[in-house]
Amino acid sequence: MSPTRSTLLPHLALLTAMAFWGSTFVVLRVALAAFTPLQTMTGRMLVACLALLPFWPRLFRELRRNGHWGLLALMGLCEPCLFFLFETHALGLTTASQAGMVTALLPMLVAAAAYVALGERSGPRVWLGFALAVGGVVWLSGTATAEAAAVNPALGNLLEAAAMCCATGYTLLARRLSPFYSPLCITAVQAAAGLIFFSLLLCFVPESPARVDLGRTFPAWAPWACVLYLGGCVTFAGYGLYNLGVNRLSAGRAAAYTNLIPVFALFFGILLLDERLNPGQYAGAALIVAGVACSQRRGGTGRRP
C-alpha cells in the first residue's frame, strides 16, 4: 500500500462511518414505528453477528491469545449495550435532527476524558468549546416543544447526551485495546455483547406497546429493512470502519470526525422525515456548531508533555 493511500485510508474509513451513523437516527425512528426499542436492538445485533459468522473461528483464536477480558467487557457495556439502550429510547421521545445535534458533544467529551486517561492534552479552546456546546444542547432542548413526532424532546435529548457519555468510554477503551486486537475483532465483541445484553432484556423486561409517530407513512417492509441496515451497515460496517480509524489515529482525532454526524442526521431528517427545527432550536444548534468549531481550532489539542 502506498504511503498516500495508507494515510488517507483511516480518514476515508471514518468519513464513511459517519455517513452510516448520521443516517442511524432516521433509520432507527422508522424501525421504532413498528418495533419496540429492545426488539429493534436485538434484531440489529443478531444481523451483525450473522454478518460476522464466517470470521468467528479466527476471532476466537485472537481473543484467546490476547486476553484483556475486563477491558473488552467494559467496552462492550459502554457501547453497544448502554449506548444503544439510551439512544434507542431517546429516539422514541425526540426527533432525529435534535438527537443528531446532541452528538456534537462527543468530540469534546472524548478530549476531556482523553486528557485524564491517555494524556492527550486539551487546551483552553477545547474547554470553551465544550461550554458553548453544552449551552447549545440546553438551549436546543429548552426551546423544543412536544409534538406527535417528539413527545418529550427534553428527556429524549438528555438520554442522547447520556449515550454520548457511554460513547466516550467506548472510544477510549477501543483506543486502549487497538494495539492488541484487530478492528474486526473489536467489532465482533461489540456485536456479541450487544446480542446477549438486549436478548436478556427482551426476555425479562416488559415494554410499552406504543410506537413512534413519524408523521408520514412508510411501506410495511421498511422497518424490517431498517433493522437489516442497522445490523449490516451501521453496526458491522460502521463500527468496523470506525475501529480502523481509531486504530490508526489518536482517540481525539478519530472522535473529531463525529462532528459530521449532526450534519448527516439533520440532512437525512429533513430529506426523509420532513423534520424541521424551530427558530430557537436553530439558535441552539448554531451555538453547538460554534462550540465544536472553537474546540477544533489549531492549538486546541495536543499531548501532555
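Not measured: the values here are computed from a predicted model. (Residues numbered from 1 in each chain as written. Predicted model: local features only at pLDDT ≥ 70, side-chain atom pairs only at ≥ 80, totals over all residues. Heavy atoms only, no water.)

### Re the overall build of the chain
The cut-off we apply is this: Numbering of helices and strands runs from the N terminus, with a helix taken as a DSSP run of H or I at least four residues long and a strand as a DSSP run of E at least two residues long.
Helix and strand content of the chain: 13 helices and zero strands. Element order for the chain, N to C, with α for helix and β for strand: α-α-α-α-α-α-α-α-α-α-α-α-α.

### Side note on the packing of aromatic side chains
Applicable threshold: Ring pairs are drawn from Phe, Tyr and Trp, using the six-membered ring of Trp, whenever the two centres fall within 6.5 Å, and their geometry is named by plane angle: stacked under 30 degrees, edge-to-face over 60, tilted for the rest. Each residue is placed in one exposure class: buried if its accessible area under a 1.4 Å probe, protein chains only, is under 20% of its type's maximum, exposed if it is over 50%, and partly exposed if it falls in between. Note on criteria: charge over ring means Lys NZ or Arg CZ within 6 Å of the ring centre, with the direction from the centre no more than 35 degrees off the ring normal.
Going through the model one piece at a time under the given rule, you end up with twelve aromatic pairs. When the ring of Phe83 is compared with that of Phe84, the centres are 5.1 Å apart and the planes differ by 70°; the resulting orientation is edge-to-face. Take Phe83 and Phe84: they sit in the same class, and that class is buried. Grouping aromatic residues by their ring pairs yields a cluster made of Trp21, Phe83, Phe84, Tyr170, Tyr239 and Tyr242. Above the plane of the ring of Phe84 lies Arg44, whose end atom (NZ or CZ) is 4.0 Å from the centre.

### Focus on the side chain of Thr94
Condition: Under the rule applied, a polar contact is a pair of N or O atoms within 3.5 Å (in protein, one hydrogen donor and one hydrogen acceptor; residues adjacent in sequence only if both atoms are side-chain atoms).
Its location among the elements puts Thr94 in the loop between helix 4 (69–90) and helix 5 (96–102). Here the side chain of Thr94 touches Asn157 through a polar contact of 3.1 Å, side chain to side chain.

### Quick notes on the packing of helix 2 (residues 37–51) against helix 9 (residues 183–204)
Note the cut-off: Only the contacting stretch of a helix is used when fitting its axis, a line to C-alpha atoms as for every element, and angles between N-to-C directions run 0 to 180 degrees. Crossing handedness is read from the near helix: turned anticlockwise from the far helix by less than a right angle, it gives a left-handed crossing, and turned clockwise, a right-handed one. Throughout, a contact is declared for two residues whenever any of their heavy atoms are within 4.5 Å. Residues are grouped as follows: Ala, Val, Leu, Ile, Met, Phe, Trp, Tyr, Cys and Pro are nonpolar; Asp, Glu, Lys and Arg are charged; all remaining types, including Gly, are polar.
The geometry of helix 2 relative to helix 9 is characterised by a closest axis approach of 8 Å and an angle of 150° between their N-to-C directions. Between helix 2 and helix 9 lies a crossing whose hand is left-handed. Where helix 2 approaches helix 9, its residues Leu38, Gln39, Met41, Thr42, Met45, Leu46, Ala48 and Cys49 are matched on the opposing element by Gln190, Ala191, Ala192, Gly194, Leu195, Phe198, Ser199, Leu201 and Leu202. Class assignment of the residues belonging to the contact of helix 2 with helix 9 gives a composition of twelve nonpolar, five polar and no charged.

### Brief notes about the nonpolar core
How we decide: Throughout, nonpolar core names a set of buried Ala, Val, Leu, Ile, Met, Phe, Trp, Tyr and Cys residues whose side chains join them through atoms within 4.5 Å.
Ranked by size, the top nonpolar core spans 79 residues in total, and within it Trp21, Met75, Phe83 and Tyr242 carry the most contacts. With twelve residues, the single largest contributor to this core is helix 1 (residues 3–32). Not counting chain neighbours up to four residues away, the residues in contact with Trp21 comprise Val234, Gly238, Tyr239, Tyr242 and Ile261.

### Observations concerning the confidence of the model for the chain
Filter applied, for reference: Every residue carries a pLDDT, the predictor's confidence in it, which falls somewhere between 0 and 100.
With 89% of its residues at a pLDDT of 70 or more, the chain shows a mean pLDDT of 83. With pLDDT under 50 throughout, residues 299–305 is counted as low confidence; its partners more than four residues away or in other chains account for 20 contacts.

### Examining a positive patch on the surface
Stated precisely, the cut-off is as follows: Patches in this entry comprise residues that are over 30% relatively accessible and not in a salt bridge; like charges within 9 Å are linked, as are nonpolar side chains (Val, Leu, Ile, Met, Phe, Trp, Tyr) within 5 Å. Here the open area of atoms and residues is found with the Shrake-Rupley method and a 1.4 Å probe, where only the protein chains shown may cover a residue. Each reported salt bridge corresponds to a side-chain nitrogen of Lys or Arg within 4 Å of a carboxyl oxygen of Asp or Glu. Two residue types count as positive, namely Lys and Arg, and two as negative, namely Asp and Glu; His and chain ends fall outside the count. Think of each charge as sitting on NZ of Lys, CZ of Arg, CG of Asp or CD of Glu.
On the surface, a cluster of positive charge is contributed by Arg58, Arg61, Arg64 and Arg65. Structurally, Arg61 can be placed in helix 3 (residues 56–66).

### Some words on a nonpolar patch on the surface
On the surface, Leu8, Leu12, Leu15 and Leu260 cluster together to form a nonpolar patch covering roughly 330 Å² of accessible area. With respect to the helices and strands, the residue Leu15 is situated in helix 1. Take Leu15: its relative accessible area is 39%, and that puts it in the partly exposed class.

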